[in-house]
Amino acid sequence: MNAIQTFKLTKEFDELVAVNAVDLAINKGELFSLLGPNGAGKTTAIRMLCCLLKPTRGTASVLGYDVVRTPFAVKDLIGVSPQETILSERLNCWENLALIGKVHGLSSNKVKERSKKLLETMGLVERAKDQVRKFSGGMKRRLSIAMALVSDPQVLFLDEPTLGLDPQARRAIWEYIATLKGNKTILLTTHYMEEADALSDRIGIIDEGRIVALGTSQELKTSTFKMRSMAVSTGNLTPEVVEDLQHRYTRLEMSRGKLKIYHQDLSFQEIVDYLHSRGVTVYSAALEQPTLEDVFIEITGKQLRE
Amino acid sequence: MKSWEIGKRNLKEIYRNPVLLGFLLGMPLAFMLVFTTAFGGQQTGPIGLSIVDEAHTQNSSAFIQYLGATQAITLRQPIYSQESQAQNDLKDGKISFYLTIPPGFGAANQSQQTVNLQLVYEEANPMLGLQLKAIIEAVGSQFLGVAPALNVQLTAAASEISNPVVNFFFPGIAVFGLMILISTAAEIIAEDREKGFLSRMFTTPARPWDFIAGYSLPFIPVLIISALIYLGVGMGLGLTVVGNLGYAFLIFFLIGLSSIGIGMIVGSLVKSASQTGVSWIFIVPISMISGAYFSVDSVPPAVRDFAGALPFIHAIDASRAVINGASLSAIMPDMYWLVGWAVALFATGVVLFRRTMVS
């Protein structure tokens, strides 16, 4: 049984199709990222899986429980960290965690024990008794994730967990999420490609409500880009060498002594050796990896941040 | 209990918010202080006078009309035919003075005999009683055309009220204070909806009833504490509770429930917390036309009728009456209004709030 399963999951708001016939099968213990630009349908998909929105068509289940027919069974099993940092601003960390824990039916002792551990992990112990309205964005975000975890859910939904955070705070949250991998099923939405790349077991690229690509980061890159590329900075390139390179490789781009060579099964050593053999000075050379953004652009023709 | 946890959180959000508390407690207390200080012991406008016409003659009617035309006096309706009715209303705090025109008023006037009238006033109002006596003697002599043919006997009705100004303002301002619960409840609900806190809570296994209880019950201790604080300050300013305090609390409780219901309605309908400010457009004028700060006799009949269809005027009238000594049976008509509105508004609030949980 998959932890999360959707079949033709669709949500329409009047004329707008926010999520369009999405099929997902997320394994237990998997960290799955939905990557897409703002408005792609990521949050709407999560809201349906958290029983906050009823699908227009299709079905969705979490650990075998249908989100429409058995919403309270689903809610018992999930933890949610919403996109906006939503906390009770005049409560302190303990009180925010206790609220969620006790609403999930945990005993006071259990809530205390789990809260203590989470506050230590999230580095919030020193400010645990302060009202959270005085916290920075990063601290609020960490507490929000702790609130999603306090009930020890089997399935965790993290909607843009690092949105608006500085790189340092973002990295700290990534490190924590990475520690959860394998123990919990995590569905993470993001529009940061580095985030999806760094954390995910598998990635679903979503655009205009549709899943346009699905696989591991490497699978997405290799299946999208059949060719690899290499950038070379040279000193004394002759027209003869350029002509020869054009014959040897699939595509060649040149600008001010810089070469960009595209070819399937590109060999770094082979190119450097060839250039040396033809008397060309090589100042620098590097094989280039496509990024998930390149994948997104290649598939949708749009920038990820559009 | 899940509802208890949600309710506890909401209670903390209220009592840790100085702005909300300032509105909820500070404003009514400031009003109480300002009004009782500003108007304490002074009559600023015409004196309200009730009439008991035991003569029932053309002459007595003409005299009443003549009195009514005097700027210094406002004749209060209805004109009583029996003194016992006026006595009861004086006891209930509904009126402060009444003038009895005895049988034989017309005959005494025609035979040039001295006409004896009886002016009864609340014991706590001797200065105004004397002032009124002088006015009636002057106006009466003018009416009869011969001076001093009119003798107004001044009688003090027993009253335990030490400061009638405080006893007048306290119930009105206490009800106004409880009307502020409209804005408080609306703001908490609207803010939690706007900021997504409710959505977050909807992803937990809490049931709809947990939310309904968690978002309505915390206001009840707030209501009770507010009423107690108002009462404490009122007593400090000289409030005399002659009647049954329990009835007064029951009235405050019922009007508080209505206010919470309206707050839930507003909070469920508005798009953002800032829009809950519209509730003040309702709270302030309604408290005014409901007689919180001045007698409703002075507002146009159409406005008075409108206010009469709402619960607040009934809460003010009934609490004023029970504090001044009226029995439960005397305020039963007001209680029907209060119970009816409390049930209707609270139920509507629950239904609309429930609807916010359904996408």
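Being a predicted model, the structure only gives us computed values, none of them experimental.

(A) Broad picture of the overall build of chain A. Counting secondary structure elements, chain A contains eleven helices and 14 strands. Counting only contacts in chain A whose residues sit at least 6 apart along the sequence, the fraction spanning at least 24 positions is 68%.

(B) Just the overall build of chain B, in detail. The helix and strand tally for chain B stands at 15 helices and five strands. For chain B, buried positions account for 45% of its 359 residues. Considering only intrachain contacts with a sequence separation of at least 6, the fraction spanning at least 24 residues in chain B is 83%.

(C) Inspection of the interface of chain B and chain A at higher detail. If you look at the interface, chain B gives 18 residues, while chain A gives 20 residues. Broken down by secondary-structure element, the contributors of at least two residues to the side of chain B that touches chain A are helix H1 (2-15) and helix H8 (197-202) of chain B. If one sorts the elements of the side of chain B that touches chain A by residue count, H1(B) sits on top with five residues.

(D) Summary view of the sheet that holds strand E13 (residues 258-263) of chain A. Residues and elements named next belong to chain A. Across the sheet, which stays open at both edges, the four strands sit in the order E12-E13-E11-E14 with antiparallel pairing between neighbours. Only two strands of the sheet have a single neighbouring strand rather than two, namely strand E12 (251-255) and strand E14 (282-288). Geometrically, the sheet is characterised by an average inter-axis angle of 15 degrees between neighbouring strands, direction not taken into account. Relative to E14, helix H10 (residues 268-277) is tilted by about 155 degrees, and along the sheet it contacts strand E11 (228-234), E13 and E14.

(E) Main features of helix H4 (residues 108-121) of chain A. Residues and elements named next belong to chain A. The first and last C-alpha atoms of H4 sit 20 Å apart over 14 residues, in line with the 20 Å expected at 1.5 Å per residue. Of all the positions in H4, only Val111, Ser115, Leu118 and Leu119 are classed as buried. In an axial view of H4, the angular spread of the buried residues amounts to 95 degrees, which keeps them on one side of the axis. Relative to its buried face, H4 has exposed residues pointing more than 90 degrees away, namely Asn109 and Glu120. Packed against the buried residues of H4 are helix H3 (93-103) and helix H5 (137-149). Remark: Gly123 follows H4 within two positions and exhibits a positive phi of approximately 65 degrees.

(F) Examining the pairing of strand E8 (residues 185-190) of chain A more closely. Residues and elements named next belong to chain A. Burial analysis of E8 places six of its six residues in the buried class, which makes it a mostly covered element. Pairing of strand E3 (residues 31-35) with E8, which is carried by five bridges, proceeds in the parallel orientation. Looking at E8, one finds that Leu31 is bridged to Ile186. Bridging between strand E7 (residues 155-159) and E8 involves five bridges; their strand directions are parallel.

(G) Structural view of the domain arrangement of chain B. Partitioning chain B into domains gives domain 1 (2-38 + 163-356) and domain 2 (47-157). Summarising the inter-unit geometry, the C-alpha centres of domain 1 of chain B and domain 2 of chain B are found 39 Å apart.

(H) Representation of the pairing of strand E9 (residues 202-207) of chain A within the structure. Residues and elements named next belong to chain A. Buried residues dominate E9, accounting for five of its six residues. Where E3 lies against E9, four bridges are found, and the strand directions are parallel. Looking across to E9, one finds that Leu34 is bridged to Gly204. Relative to strand E10 (residues 210-215), E9 runs antiparallel, the two being bridged by five bridges. Looking at the pairing, Gly204 lines up with Leu214 of E10. The loop that links E9 with its antiparallel partner E10 comprises two residues; one of these, Glu208, has a positive phi angle of about 50 degrees.

(I) A look at the nonpolar core. In terms of nonpolar packing, the biggest core is built from 144 residues, with A:Leu49, A:Ala146 and B:Val175 touching the most fellow members. The element best represented in this core is helix H7 (residues 164-194) of chain B, accounting for 19 residues. For A:Ala146, the residues in contact, after removing those within four places along its chain, are A:Leu97, A:Leu118, A:Leu119 and A:Met122. Membership of the second largest hydrophobic core comes to 23 residues, among which are B:Ala86, B:Tyr98, B:Leu132 and B:Phe143.

(J) Structural context of the domain arrangement of chain A. Its domain assignment divides chain A into domain 1 (4-223) and domain 2 (226-289). Each of domain 1 of chain A and domain 2 of chain A has a C-alpha centre, and the two are 45 Å apart.

(K) Highlighting unusual backbone geometry. Cis geometry marks the peptide bond from B:Gln77 to B:Pro78; its omega dihedral reads 0 degrees. Not every positive phi belongs to a glycine, and A:Ala21 is a case in point at roughly 50 degrees. Inspection of the secondary structure assignment puts A:Ala21 in strand E2 (residues 16-26). Of note, A:Cys51 is a non-glycine position whose phi angle comes to about 70 degrees, a positive value. The topology assignment puts A:Cys51 in the loop between helix H1 (42-49) and strand E4 (57-62).

(L) The packing of H3(A) against H4(A), seen in detail. Residue and element names in this part refer to chain A. For the pair H3 and H4, the least separation of the axes is 10 Å and the interaxial angle reads 130 degrees. Classed by the angle they form, the pair H3 and H4 counts as oblique. Here the hand of the crossing between H3 and H4 comes out right-handed. Residues Cys93, Trp94, Leu97, Ala98, Gly101 and Lys102 of H3 lie in contact with H4, whose contacting residues are Val111, Arg114, Ser115, Leu118 and Leu119. Across the contact of H3 with H4, the residue classes tally to seven nonpolar, two polar and two charged.

(M) Structural context of the sheet that holds strand E5 (residues 65-66) of chain A. All names here are of chain A. Pairing is antiparallel across the open sheet formed by four strands, whose spatial order is E2-E1-E4-E5. Every other strand in the sheet has two partners, leaving E2 and E5 as the edge strands with one partner each. Judged from the five bridges that link them, strand E1 (residues 4-13) and E4 form a sheet pairing that is antiparallel. Paired with Thr10 across the two strands is Arg57, which belongs to E4. H1 rests against E1, E2 and E4 of the sheet, and its axis sits at about 115 degrees to E1.

(N) Molecular detail of the packing of helix H10 (residues 219-236) of chain B against helix H11 (residues 245-269) of chain B. Residues and elements named next belong to chain B. One way to put it is that H10 packs onto H11 with a least axis distance of 10 Å and a crossing angle of 135 degrees. Taken together, the axes of H10 and H11 are oblique relative to one another. Pair H10 / H11 crosses with right-handed handedness. Here Phe219, Leu223 and Ala227 of H10 come into contact with H11, specifically with Phe249, Phe252, Phe253, Gly256 and Ile260. Broken down by class, the residue content of the contact of H10 with H11 amounts to seven nonpolar, one polar and no charged.

Cut-off values and rules
Residues numbered from 1 in each chain as written. Chains lettered and ligands numbered in written order. Predicted model: local features only at pLDDT ≥ 70, side-chain atom pairs only at ≥ 80, totals over all residues. Helix = DSSP H or I, 4+ residues; strand = E, 2+ residues; numbered from the N terminus. Contact = placed C-beta atoms within 7 Å. Buried ≥ 20, exposed ≤ 12 C-beta atoms within 10 Å, placed from the backbone. Pairing = 2+ DSSP bridges. Axes fitted to C-alpha atoms, helices over the stretch in contact; angles between N-to-C directions. Expected span 1.5 Å × (residues − 1). Arc of directions from axis to C-beta. Domains from an automatic or database assignment. Core = buried A, V, L, I, M, F, W, Y, C linked by C-beta atoms within 7 Å. Parallel < 35°, antiparallel > 145°, perpendicular 65-115°, else oblique. Left-handed = near helix turned anticlockwise from the far one by under 90°. Nonpolar A, V, L, I, M, F, W, Y, C, P; charged D, E, K, R; others polar.

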